[in-house]
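Next come the chains, spelled out residue by residue.
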Protein chains: 6
Amino acid sequence: MRILVVNVNTTASMTEGIGRQAAAAASPGTEIVPLTPLFGAESVEGNYESYLAAVAVMETVRAYSEPFDAVIQAGYGEHGREGLQELLDVPVVDITEAAASTALFLGHKYSVVTTLDRTVPLIEDRLKLAGLSDRCASVRASGMAVLDLERDPAAALRTIAAAAELAVTEDRAEVICLGCGGMAGLAEEVVARTAVPVVDGVAAAVTIAESLVRLGLTTSKVRTFAAPRPKTFTNWPPRVAAARP
Amino acid sequence: MRILVVNVNTTASMTEGIGRQAAAAASPGTEIVPLTPLFGAESVEGNYESYLAAVAVMETVRAYSEPFDAVIQAGYGEHGREGLQELLDVPVVDITEAAASTALFLGHKYSVVTTLDRTVPLIEDRLKLAGLSDRCASVRASGMAVLDLERDPAAALRTIAAAAELAVTEDRAEVICLGCGGMAGLAEEVVARTAVPVVDGVAAAVTIAESLVRLGLTTSKVRTFAAPRPKTFTNWPPRVAAARP
Amino acid sequence: MRILVVNVNTTASMTEGIGRQAAAAASPGTEIVPLTPLFGAESVEGNYESYLAAVAVMETVRAYSEPFDAVIQAGYGEHGREGLQELLDVPVVDITEAAASTALFLGHKYSVVTTLDRTVPLIEDRLKLAGLSDRCASVRASGMAVLDLERDPAAALRTIAAAAELAVTEDRAEVICLGCGGMAGLAEEVVARTAVPVVDGVAAAVTIAESLVRLGLTTSKVRTFAAPRPKTFTNWPPRVAAARP
Amino acid sequence: MRILVVNVNTTASMTEGIGRQAAAAASPGTEIVPLTPLFGAESVEGNYESYLAAVAVMETVRAYSEPFDAVIQAGYGEHGREGLQELLDVPVVDITEAAASTALFLGHKYSVVTTLDRTVPLIEDRLKLAGLSDRCASVRASGMAVLDLERDPAAALRTIAAAAELAVTEDRAEVICLGCGGMAGLAEEVVARTAVPVVDGVAAAVTIAESLVRLGLTTSKVRTFAAPRPKTFTNWPPRVAAARP
Amino acid sequence: MRILVVNVNTTASMTEGIGRQAAAAASPGTEIVPLTPLFGAESVEGNYESYLAAVAVMETVRAYSEPFDAVIQAGYGEHGREGLQELLDVPVVDITEAAASTALFLGHKYSVVTTLDRTVPLIEDRLKLAGLSDRCASVRASGMAVLDLERDPAAALRTIAAAAELAVTEDRAEVICLGCGGMAGLAEEVVARTAVPVVDGVAAAVTIAESLVRLGLTTSKVRTFAAPRPKTFTNWPPRVAAARP
Amino acid sequence: MRILVVNVNTTASMTEGIGRQAAAAASPGTEIVPLTPLFGAESVEGNYESYLAAVAVMETVRAYSEPFDAVIQAGYGEHGREGLQELLDVPVVDITEAAASTALFLGHKYSVVTTLDRTVPLIEDRLKLAGLSDRCASVRASGMAVLDLERDPAAALRTIAAAAELAVTEDRAEVICLGCGGMAGLAEEVVARTAVPVVDGVAAAVTIAESLVRLGLTTSKVRTFAAPRPKTFTNWPPRVAAARP
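None of the values given here were measured: they were computed from a predicted structure. (Residues numbered from 1 in each chain as written. Chains lettered and ligands numbered in written order. Predicted model: local features only at pLDDT ≥ 70, side-chain atom pairs only at ≥ 80, totals over all residues. Heavy atoms only, no water.)

Q: For this particular structure, what's the right way to read the sheet that holds strand β4 (residues 70-73) of chain D?
A: Whether parallel or antiparallel, the strands of a sheet pair through hydrogen bonds between backbone atoms. All names here are of chain D. Overall, parallel pairing links the four strands, which are arranged β2-β1-β4-β5 in an open sheet. For this open sheet the edge positions go to β2 (31-35) and β5 (92-94), each flanked by a neighbour on one side alone. Between one strand axis and the next, the sheet turns by 20° as a mean value, whatever way the strands run. In this sheet, β4 lies alongside strand β1 (residues 2-6) in parallel orientation, the contact comprising four bridges. Looking at the pairing, V6 lines up with Q73 of β4. (Pairing = 2+ DSSP bridges. Helix = DSSP H or I, 4+ residues; strand = E, 2+ residues; numbered from the N terminus. Axes fitted to C-alpha atoms, helices over the stretch in contact; angles between N-to-C directions.)

Q: Whenever I open this one, the pairing of strand β4 (residues 70-73) of chain F confuses me. Can you help?
A: The two faces of the sheet receive side chains in turn, since in a regular strand these alternate between them. Residues and elements named next belong to chain F. Neither face of β4 is left uncovered, since the one carrying A70 and I72 and the one carrying V71 and Q73 both have all their residues buried. The pairing of β4 with strand β5 (residues 92-94) spans three bridges and is parallel. When the bridges of β5 are listed, I72 appears paired with V93. In this view, the connection linking β4 to its parallel neighbour β5 by way of helix α3 (residues 81-87) has right-handed handedness. (Buried < 20%, exposed > 50% of the residue type's maximum accessible area, 1.4 Å probe, protein only. Right-handed = clockwise from strand over helix to strand, strands pointing away.)

Q: What am I meant to see in the relation of the copies chain A and chain B here?
A: The second copy of the chain is related to the first by a rotation about an axis and a shift along the axis. For the match of chain A to chain B, the screw axis carries a shift of 0.0 Å, the RMSD comes to 0.0 Å, and the turn is 180°. Taken together, the rotation angle and the small translation identify this as a two-fold axis. In this assembly, 100% of the residues forming the interface of chain A have copies in chain B that are likewise at the interface, indicating an isologous arrangement. (Least-squares fit on C-alpha atoms with pLDDT ≥ 70 in both. Contact = heavy atoms within 4.5 Å.)

Q: Quick question: what am I supposed to make of the packing of aromatic side chains here?
A: For any pair of aromatic rings, geometry is given as the distance between the ring centres together with the angle between the planes. Under the defined criterion, the tally for this structure stands at 30 aromatic pairs over all chains. Their ring planes at 80° and their centres at 6.3 Å tell us that W236 of chain E and W236 of chain F sit as a pair that is edge-to-face. On the criterion of chain membership, the pair formed by W236 of chain E in the loop between β10 (233-234) and α10 (239-242) and W236 of chain F in the loop between β10 (233-234) and α10 (239-242) is interchain, its members lying in two chains. Each member of the pair W236 of chain E and W236 of chain F is classed as buried. Each member of the aromatic cluster is reached from another via a ring pair, and the members are F39 and W236 of chain A together with F39 and W236 of chain B. (Phe/Tyr/Trp six-rings, centres within 6.5 Å; stacked < 30°, edge-to-face > 60°.)

Q: I would appreciate a short explanation of unusual backbone geometry in the present structure.
A: It is generally the case that most residues other than glycine have a negative phi and that most peptide bonds are trans. Along the chain, W236 of chain A connects to P237 of chain A via a cis peptide bond; the corresponding omega equals 0°. Tracing the backbone through its elements, the reader meets P237 of chain A in the loop between β10 (233-234) and α10 (239-242). For R172 of chain F, which is not a glycine, the phi torsion comes out positive at approximately 65°. Locating R172 of chain F in the fold gives a position in the loop between α7 (153-169) and β8 (175-178). For R172 of chain F, a relative accessible area of 26% translates into the label partly exposed.

Q: Explain the arrangement of the chains to me, please; I cannot follow it from the model alone.
A: With no contact between them, chain A and chain D keep their nearest C-alpha atoms 16 Å apart. One finds no contact between chain C and chain F; the C-alpha atoms of the two approach each other to within 16 Å at their closest.

Q: I keep staring at the interface of chain A and chain B and nothing clicks. Help me out?
A: Many descriptions give the size of an interface as the accessible area lost when the pieces come together. Contact with chain A, which involves 52 residues of that partner, is made by 52 residues of chain B. Here chain A meets chain B over a buried area of about 4,400 Å², counting both sides, of which 55% is carbon and sulfur. Our enumeration of links across chain A and chain B arrives at ten salt bridges. Of all elements in the fold, only β3 (40-41), α2 (47-63), α3 (81-87), α5 (120-129), β10 and α10 of chain A reach the threshold of two or more residues within the side of chain A that touches chain B. Counting residues per element, the side of chain A that touches chain B draws most heavily on α2 of chain A, at ten residues. Residue classes in the side of chain A that touches chain B are distributed as 24 nonpolar, twelve polar and 16 charged. Both β10 of chain A and strand β3 (residues 40-41) of chain B contribute to a ladder of two bridges, which runs antiparallel. Opposite F233 of chain A, over in β3 of chain B, you have A41 of chain B as the bridge partner. (Buried area = accessible area lost by both parts, 1.4 Å probe. Salt bridge = Lys/Arg side-chain N within 4 Å of Asp/Glu carboxyl O. Nonpolar A, V, L, I, M, F, W, Y, C, P; charged D, E, K, R; others polar.)

Q: What exactly am I supposed to notice about the domain arrangement of chain A here?
A: Residue and element names in this part refer to chain A. Parsing chain A into structural domains produces domain 1 (2-95 + 203-242) and domain 2 (96-200). Between domain 1 and domain 2, the C-alpha centre-to-centre distance is 22 Å. Summed over both sides, the interface of domain 1 with domain 2 buries roughly 2,100 Å², with 56% coming from carbon and sulfur. Three residues stand out in domain 1 for area buried against domain 2, namely M14, E45 and Y76, and they jointly supply 35% of the buried area on that side. (Domains from an automatic or database assignment.)

Q: In this structure, what is going on with the side chain of S27 of chain A? I would like to understand it.
A: In this structure, S27 of chain A sits in the loop between α1 (12-25) and β2 (31-35). Residue S27 of chain A is classed as buried on the basis of its relative accessible area of 16%. Those residues in contact with S27 of chain A that sit more than four places away from it in its chain are E210 of chain A together with R214 of chain F.

Q: I would appreciate a short explanation of the packing of α7 of chain F against helix α8 (residues 187-194) of chain F in the present structure.
A: Residue and element names in this part refer to chain F. For the pair α7 and α8, interaxial distance at closest approach is 10 Å and the crossing angle is 45°. As judged from the angle between their axes, α7 and α8 are oblique. As α7 runs across α8, the sense of the crossing is right-handed. Across from L157, R158, I160, A161, A164 and E165 in α7, the residues of α8 making contact are E189, V190, R193 and T194. (Parallel < 35°, antiparallel > 145°, perpendicular 65-115°, else oblique. Left-handed = near helix turned anticlockwise from the far one by under 90°.)

Q: How should I be thinking about the side chain of S138 of chain E in this particular structure?
A: Residues and elements named next belong to chain E. Structurally, the position occupied by S138 is in strand β7 (residues 136-141). For S138, the side chain forms a polar contact with the side chain of D171, separated by 2.6 Å. Discounting residues that sit within four places of it in the chain, S138 has contacts with Y110, S111, V112, A167 and D171. (Polar contact = N/O pair within 3.5 Å; in protein donor to acceptor, adjacent residues only side chain to side chain.)

Q: Quick question: what am I supposed to make of the packing of helix α4 (residues 95-103) of chain F against helix α9 (residues 201-214) of chain F here?
A: A packed helix pair is summarised by two numbers, namely the angle formed by the two axes and the spacing between the axes. All names here are of chain F. Their axes nearest at 8 Å, the elements α4 and α9 cross at an angle of 85°. Classified by the interaxial angle, the pair formed by α4 and α9 is roughly perpendicular. Across from I95, A98, A99 and T102 in α4, the residues of α9 making contact are G201, V202, A204, A205 and I208. Grouping the amino acids of the contact of α4 with α9 by side-chain chemistry returns seven nonpolar, two polar and no charged.

Q: Would you explain α8 of chain F in this entry?
A: Since the α-helix packs 3.6 residues into each turn, any two residues three or four apart lie on the same face. Residues and elements named next belong to chain F. Within α8 the residues assigned to the buried category are A187, V190 and T194. Angularly, the buried residues of α8 cover 65° about the axis, an arc narrow enough to put them on a single face. Those residues of α8 that are exposed and aimed more than 90 degrees away from the buried face are E188 and A192. Of the surrounding elements, those touching the buried residues of α8 are α7, β8 and β9 (198-200). The first or second residue beyond α8 is A195, which carries a positive phi of 65°. (Arc of directions from axis to C-beta.)

Q: How should the pattern of salt bridges be read in this particular structure?
A: Side chains that carry opposite charge are capable of pairing whenever their charged atoms lie near each other. Under the criterion given, the structure shown has 78 salt bridges over all chains. A salt bridge links E86 of chain D to R118 of chain C, with the nearest nitrogen and oxygen atoms 3.6 Å apart. Of this pair, E86 of chain D sits in helix α3 (residues 81-87) while R118 of chain C is found in the loop between β6 (110-114) and α5 (120-129), placing the two residues in two different chains. One exposure class covers both E86 of chain D and R118 of chain C, and it is buried. Where E210 of chain D meets R214 of chain E, a salt bridge forms, and the shortest distance between an N and an O atom there is 2.7 Å. Here R214 of chain E lies in helix α9 (residues 201-215) and E210 of chain D lies in helix α9 (residues 201-214), a pairing that spans two chains. Look at the salt bridges and you will find they share partners, linking E45 and E49 of chain A together with R229 and K231 of chain B into a network.

Q: Any chance you could explain helix α4 (residues 95-103) of chain C here in plain terms?
A: Residue and element names in this part refer to chain C. Burial within α4 is extensive, with nine of its nine residues counted as buried. Taken together, the buried positions of α4 are occupied by I95, T96, E97, A98, A99, A100, S101, T102 and A103. Taking the backbone nitrogen of T96 as reference, a side-chain oxygen 2.7 Å away marks D94 as the first, capping residue of α4.

Printed below as a string of structure tokens:
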């Protein structure tokens, strides 16, 4: 089974980290293919960048020429999952939803700890549309920018663990979701500090994608996610995407 | 006052229609500038096309070189408004929200009559996130594709009026919103058949944009819609957009 | 265009202030007619007074003998708008709803800052029924009584600005609505202190009423707001209202 | 124990019917005092009349000169209960809420069967604000006007039973609330036709008022329903109410 | 009228206390029969114990051989009420719901003060399913275990009053529900400290059960609570229950 | 990895069927252990039976003497999952929640098709508490009793497929969940008739349980699902369960 794991930003080192995290969660026999978008921003921390990422992920997957069995969109709180579902016949899993869905099996309420304060409403909106917000205790920002997670891992751990502790004690969360693809690898230490289960969205998404494939289930094509109707496009896709084999 | 009214598809005749509708609603002294996206699909009827439209509208507005006072995104149920709000210091009005917001002043519940069945969930999701769905009685599809609205206006009127009547009698709507930028001009006849107020989103958006400008109000920059942080972009914007003056 | 702007209390100086605020927001050619209720309380700060205001506003408008194009009910959180909609064929705009509706175009969440703690539930209930509470972050009391707003403007500004700041920092509001007709004129200074957009309900209502009139839209008469059925009334209206020309 | 049961309209025969219904439900030792409002409409079937009834009930109770232990407002879907709670130190029970609250103990979901279609939204709004709508399956109109309930009891029973049956079979209600003070007395026959429990709001309210008095419980005065602050009133109360001893 | 009041734990002294509390609230002519479950835990403070209590209460009532008119389940936040409703033709009242339903008549919002933190989600879930959570301001834990309420009444009062005060000042509750059958008797002192009405669920349930009986109302048998279908059971009921006369 | 799959009724042939369904979905190396409750009803179709099943499943798992890695409760809409989570340190997965959680990845809305009408509210309540009902289009009954699924498979398929088709066309479901452990094996034929994905809860639960084990995640013990406190139990567990090794 081959699963594409698509980063939402163009920072290759983050794609690699996400790929490693995904591979660690994959079953034997599952091939993880990490992809960096063909265009877009070096990090995604707002709506403009998120919409651009949505389109970049879609075009990047469309330009991928080998067969694959499932796609994971590895951006927390980002747009685009619904478009991928229209374009593809294989299952699509968003890590925001994968983490929340997994957290529901582990405790009465969960919280998300993310990066900058400005991304909190994006995550809240994604969870609301996904119908997964009823048991969300809070989405808390650590204050770390996405790229700072790599630059200063010690500060990242410290601020993320602090936010997680507040989520448990103040917001009554019983499970923590790490709200950024770039936080992969911090789970163990956050568990050590909070004594609650910590869900990494990339790992959770890999198991869900594998499960859907194994169960022979994929996106319903009956209405919302039917394949796009044939259309004439102007100036699209951009050369960088169209030029792919 | 200059207001950009941006179509979400690349069909120039629809941009013209939207522009005429906007101009008819504008106050003396307001200049309406209709814009066609620099790239994208000839009509937007699903998530892939909608996400692409979101990005195309943003880049089209960014490439516009003259000063302006407000922007209207003239796609019903489309993504992107939040990104425009980050990019701009002037008010941004989405016609889906403008129509719903206006309908709330006119009756106890409203319904939206749109084009294809597959676009219903997009509109429902937009209204849900906008916090405008509590008094939405239903979103009903007429079954007409966007481009068929122009091709067969008689059938469009007939199917839209039929859906509107069902919304009033079955769903208990007291106001109808015309759920497609391309339905501009049908309002009068739908009123004649249903005896309830009919709101055209483009016209509503023009009055709201003018009002915000007159009141000196624009998007809050304190958190969600703060300007994007400086970032390095790869392969973006595409040449067609970047090449604009 | 003539718009009646009806105060909900019998304090003439407040009617004048509201009238000035409305006139400042009106377009050229719009005549603002401020009205003081023919009966009622000197300020409205609770349910008894609010229900009385509802009836007083309705009878005052009914007793008004000149033609008019729209009515604004200028009480924040007060009852009565639905009754006016039944009685009249012209648009009716409540300032609580006008402010909230306008705030939705300006930020992800808004808060209302009002007078006494006891009026908070009234405003919450009005917003809930109006279907405008999903994105309301909080309704906060400044602790100032309505009539004290005029008596001690410095204290009013100080306590209102303090509550607004808490709404932004603690409740994550991005827009502030001034929750009392008597707060007109404080907007500019609250903006200066909070750096978020501040919406005055009276000004917002004027632009919405003008817009509805310009668009040819008025209350749906199909069900909820149909004209009252012919009825025999006992001891009503009271002489003070009936005696008007 | 003396309980005032206040009709919302000025039709004395309806007051008598409501009084009889209340007396039949009262415990030995409870005195039921039926009151007709000092002013208002002969029947209440809309917002204007409902707001007027709210004020009329309040002034009628204020003008009542004997001691009493509780007040029941006997209008289904009418405004005003919150104002009475401010004015009085004894418990106040609204029949809309009493019926719904009682129905919750009897089945998984309940429906309300009321008079005219136009009153449905009023009842829905009252239940929403009361926090009693989650298990409300539907509010259905029988199409009978309030005063026609007395004029044509056979038609009333027929149309009400038909609506109740639809509520049970289509809306999955398991309990029916009779949604008009004037429907008192029809319960037995509606039970016979639907085989589900039927709640009369007046009877339910009597038992709740008695219970609150017996338990020594009354309205909290800590915030929302604190006594009105001392105020100067203009032209109020009207002579008819003020003239009462 | 005979009302069974069934404790959910096997501590006889608590059954006696609940019985006294119920008897104090009962009308003349009502016989209160307190019952201790035939099996189960000495106190119920979690889901395992609560599910066991649900079954134990049902079997205990089934094993009771005398006629009775209503049943009260005297556990706060416990499971089981729906099963009793299936088994019985007489009304069933749960004290969690009785308290909340009563509190709604007394203030704008209510809070529950309960024992251990771990029981908070059980109560929240019960109120949510009962459709009584919209006006619930909070469920707060005092930190006292159930059996400690008897062992250290002074500490119980102190911690419960402290939690109640926070509910009023921080969560804006206007009414307090005592969230444990074992708190019966503390109401008066909590009122003294908070100045808000305090509802004891057992007392409230007695008046509601009496009211339903007097009104001739009982559980709807049309769907959810129809009598169980005839079934073969294995190893059930256990000897202790089956051995009862 | 060993996963216990516990039937909720005492019909051994159903346990076998569930076991086969689970084994078919399991990964190589996963051992499925199907268990029949030590006591209880031959089928579970209501609240009394469901509460009994909750307790029986818990005691059956407690009496199981071998080590295991996860538990699946294989009853659709049944009580008890929260109690198992308290008792165990390994993950617990309920098939109602597993099916819904899986369906969310496959379409915009899902419906559940279950057995008897009387079980619909149980399933609705379970989904509501689980926070998985926002995107649930409907729960529809096929009218088949649980044991009739085995007795008349042709009728079962026909009625279930008919209900599924109505869910897709009338309720706008895009995915169907088979709402009974005994429906395992019908998925393929329902897919053939509806052209939408069909989720079997047992199969879904197996993949989720495996995933949680692989990810090293289990129930949070921080609050709601902490191990039960040490307690004295009376007459419990019953001999049949206690006698197990």
